[in-house]
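# Geometric and topological summary
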Amino acid sequence: SYLYRRLFLAQELTRPTVLVGGLVAGGAGRTPVVGWLAEHLPHAVVLGAGYRRKGWGRDIRSGGGAKRLGDELEMMSRRGHRVISAPSRPNGIASTPPGTMVIIDGGLSDRRLASAFRICVIDAQRPLGGGPIPVGSQRLPWSTLDQVNAIWLSHDCGRSENLNLPPNIPVVRSHLVAVGWLYRGEILPLSAKTGPVDVVVGIATPERFLCTLLDQGIRIRSLKRLRDHGELGEIKAGSVMTEKDAARLPQDEDVWALRMDLVVEGGALLLDAIASHRR
């Protein structure tokens, strides 16, 4: 059956594949890591399951906006990356042309992908996501780290020294920094947006986004907080949003999305390990 194959059977992957997963359901910072890899690996295609994409079917999609792709993949597409939305990850991999390097966002528990180069992203500030589901967001046990090829510590601000990490595998550390504003398809400097603002946020850990705004000297006039991937509803003109939330709106919408990029330590060793995988 499909469930048996997914849980127990590894598959021979038809393309070089890097899988970026996590121990928790959302909030660990996987998507920025996927974007960084897409910028640094040749011939990269970003593959996702298309969470909450609209429309029936398990068809493979490569365009059509956030409603057809899912918001993370549309955000990647707007950054200039090639993307594929496919509920069946093996089918999505098989759809890519020869010579492609596939980067999968999610799927660490999918045993069909066991032969991929597997990276586990851990939030250095909340490594276990508040505990197991349903109380917290932890889906996989810490022992999962013994079956990965590399570990990526996101939101790392010197708090990761006491983590019990497996020896002898690459460990990358990163943190996000604000670099500008996305407004109607243009990238503007951080100084372009000032004064009191209306904020709309629908991500797993909104507190970090709000703190980043405050660090930029932005005064929050009103806050509309949604669940992760929640429906945006009516948006006030000139509102401030995350880049992921803004990807669900037309690019010419009157909203300001904060552009965040990664500062990475240890990336070169990771790229070397990926290059030597399955040689």
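Look above for the structure.
Notes on the structure follow. This structure is a prediction, so every number in the text was calculated from the model and none was measured.

Here we take up the packing of aromatic side chains. Both the distance between ring centres and the angle between the ring planes are used here to describe each pair of aromatic rings. Enumeration according to the criterion identifies three aromatic pairs in this entry. Taking 5.4 Å as the distance between ring centres and 70° as the angle between the ring planes, the aromatic pair formed by Trp 36 and Trp 152 counts as edge-to-face. Of this pair, Trp 36 sits in helix α2 (residues 30–40) while Trp 152 sits in strand β6 (residues 150–154), and the two are 116 residues apart along the sequence. Take Trp 36 and Trp 152: they sit in the same class, and that class is buried. Measuring from ring centre to ring centre gives 6.2 Å for Trp 181 and Trp 256, while their planes differ by 85°; the resulting arrangement is edge-to-face. Of the two residues, Trp 181 sits in strand β7 (residues 171–183) while Trp 256 sits in strand β12 (residues 255–265), which places them 75 residues apart along the sequence. Pairwise contacts between aromatic rings join Trp 181, Tyr 183 and Trp 256 into one cluster.

Our focus in this paragraph is the side chain of Thr 96. The topology assignment puts Thr 96 in the loop between α5 (89–94) and β4 (101–105). Each residue touching Thr 96, except ones within four places of it in the same chain, is listed here: Arg 15, Val 45, Ile 84 and Val 102.

If you look at the biggest cluster of nonpolar residues, it comprises 51 residues, and the most contacted ones within it are Val 18, Val 20, Leu 37, Ile 119 and Leu 270. The contact partners of Leu 270, leaving out residues within four places of it in the chain, are Leu 37, Phe 117, Ile 119, Ala 150, Trp 152 and Val 172. Counting residues in hydrophobic clusters, the runner-up holds 15 residues, among them Val 201, Ile 203, Leu 210 and Trp 256.

Here Thr 100 shows up in the loop between α5 and β4. Taking relative accessible area as the criterion, Thr 100 reaches 3% and is therefore assigned buried. Not counting residues within four places of it along the chain, the set of residues in contact with Thr 100 comprises Arg 15, Pro 16, His 43, Val 45 and Arg 82.

Turning our attention to helix α4 (residues 71–78). Burial within α4 is extensive, with six of its eight residues counted as buried. Restricting attention to buried positions, one finds in α4 the residues Asp 71, Glu 72, Leu 73, Glu 74, Met 75 and Met 76. Contacts made by the buried residues of α4 are with α2, β2 (44–48), α3 (66–69), β3 (82–85) and α7 (243–246). Where α4 ends, the next residue or the one after it, Gly 80, has phi of about 100°, a positive value.

This part covers the layout of surface pockets. Its boundaries defined by the atoms lining it, the second largest pocket holds a volume of some 290 Å³. As for the second largest pocket, its lining consists of 19 residues, of which Arg 78, Leu 182, Tyr 183, Gly 185 and Gln 251 are closest to the centre. Breaking the lining of the second largest pocket down by element, the ones donating at least two residues are α4, β7, β8 (186–188), α7 and β12. With three residues, the single largest contributor to the lining of the second largest pocket is β12. Considered class by class, the residues forming the lining of the second largest pocket number 10 nonpolar, two polar and seven charged.

Scoring rules and cut-offs
Residues numbered from 1 in each chain as written. Predicted model: local features only at pLDDT ≥ 70, side-chain atom pairs only at ≥ 80, totals over all residues. Heavy atoms only, no water. Phe/Tyr/Trp six-rings, centres within 6.5 Å; stacked < 30°, edge-to-face > 60°. Helix = DSSP H or I, 4+ residues; strand = E, 2+ residues; numbered from the N terminus. Buried < 20%, exposed > 50% of the residue type's maximum accessible area, 1.4 Å probe, protein only. Contact = heavy atoms within 4.5 Å. Core = buried A, V, L, I, M, F, W, Y, C linked by side-chain atoms within 4.5 Å. 1 Å grid on protein atoms, 1.4 Å probe; cavity = no way out; pocket = protein on both sides within 12 Å on 5 of 7 lines; lining within 4 Å. Points joined across faces, edges and corners; volume = space filled by probe spheres on them. Nonpolar A, V, L, I, M, F, W, Y, C, P; charged D, E, K, R; others polar.

By themselves, these are just geometric observations and shouldn't be taken as functional.
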